[in-house]
Amino acid sequence: KMNRITLGVSSFVVALFAMIFTVTASAAGSINVSKSAEFAVPADKLWETVKAFEGLHTWHPAVEKTDMKKGVGSKVGNVRLLTLGGGGGVITETLMRYSASGKKMTYSIDDSPLPVRSYVSTIAVKPTATGGSKITWSSTFKAKPGAKDADAKKTIEGVYEAGFENLKKVLA
């Protein structure tokens, strides 16, 4: 009996390590970007500006228009098409999680001219101690085949920074 117990525990430990290694290995090669900006407006006002899944074009300067391919509003599973200005193409995104009370949404890019794949991003708004607000836009993704990690990361950082700069104008 002792040998069976020892063998069972050993098998469990080996299986556990195999699971941990698999999770770690699948995250290998992922790129993480997180950018934040603070605003002198209350969190409710900032969230009101960015919360609409169908409204990215109202505050991001690179997006010419937003069309809903599936669904209406900010409902999980809805799909939006973002037409980029200057003939930059179309990005297809799916809303994965949405919390109006938590002032947070998570979406994925399904198809895009950007040099990224397996892209999942979260936009979150929180109040600051001074009565203002802070927005954080973060993502995890991989570079598309043929693209360099550094170029993919720089592209996404530029997208976030351009959005924050334009939000300053929109909220002024």
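Before reading on, note that the structure itself is shown above.
Residues numbered from 1 in each chain as written. Predicted model: local features only at pLDDT ≥ 70, side-chain atom pairs only at ≥ 80, totals over all residues. Heavy atoms only, no water.

All right, on to the overall build of the protein chain then. When helices and strands are counted, the protein chain shows 3 helices and 7 strands. Taken from N to C terminus, the helices and strands of the protein chain fall in the order α-β-α-β-β-β-β-β-β-α. Put simply, the protein chain has 172 residues, and 35% of those count as buried. Across the protein chain, the fraction of contacts at a sequence separation of at least 24, relative to all contacts at a separation of at least 6, is 48%. When the accessible surface of the protein chain is totalled, it reaches about 10,000 Å², and 59% of it is carbon and sulfur. (Helix = DSSP H or I, 4+ residues; strand = E, 2+ residues; numbered from the N terminus. Buried < 20%, exposed > 50% of the residue type's maximum accessible area, 1.4 Å probe, protein only. Contact = heavy atoms within 4.5 Å. Areas by Shrake-Rupley, 256 points an atom, 1.4 Å probe, with all protein chains shown as cover.)

This part covers the packing of aromatic side chains. Aromatic ring pairs are described here by two measures, namely the spacing of the ring centres and the angle between the planes. Scanning the model with the defined rule gives 6 aromatic pairs in all. The ring of Tyr107 has Arg80 sitting right over it, with the charged end atom 5.1 Å from the ring centre. (Phe/Tyr/Trp six-rings, centres within 6.5 Å; stacked < 30°, edge-to-face > 60°. Lys NZ or Arg CZ within 6 Å of the ring centre and 35° of its normal.)

Right, let's get into the side chain of Thr94. Turning to its location among the elements, Thr94 is positioned in strand S4 (residues 90-99). If we skip the residues at most four places from it in the chain, Thr94 touches Phe53, Gly77, Asn78, Val79, Thr106, Tyr107, Ser108 and Asp110.

Here we take up the environment of Met105. Its place among the elements puts Met105 in strand S5 (residues 104-111). In the structure, Met105 is positioned 10 residues away from Leu95 in sequence and 7.5 Å away in space, judged by C-alpha atoms. Those residues in contact with Met105 that lie beyond four places of it in its chain are Trp47, Val50, Lys51, Phe53, Leu95, Arg97, Tyr98, Ser121, Thr122 and Ile123.

For the rest of this paragraph, the subject is a positive patch on the surface. Together, Arg97, Lys104, Lys126 and Lys134 give the surface a local cluster of positive charge. With respect to the secondary-structure elements, Lys126 resides in strand S6 (residues 116-127). (Patch = residues over 30% accessible without salt bridge, like charges linked within 9 Å, V, L, I, M, F, W, Y side chains within 5 Å. Salt bridge = Lys/Arg side-chain N within 4 Å of Asp/Glu carboxyl O. Lys, Arg positive; Asp, Glu negative; His and termini not counted. Charge placed at Lys NZ, Arg CZ, Asp CG, Glu CD.)

Sheet topology note: the S5/S6 ladder contains 6 bridges and is antiparallel. Its bridge partner being in S6, Ser108 is matched across the sheet by Val120. Count of turn residues in the S5/S6 antiparallel hairpin: 4 residues. One ladder, built from 10 bridges, connects S6 with strand S7 (residues 133-143); its direction is antiparallel. For Arg117, the partnering residue across the bridge sits in S7 and is Lys142. Here S6 folds back onto S7, and the loop between the two strands holds 5 residues, one of which, Gly131, carries a positive phi near 95°. (Pairing = 2+ DSSP bridges.)

What you tend to see is this: most non-glycine residues have negative phi, and most peptide bonds are trans. Phi is positive for Lys103, close to 50°, though the residue is something other than glycine. Its location among the elements puts Lys103 in the loop between S4 and S5.

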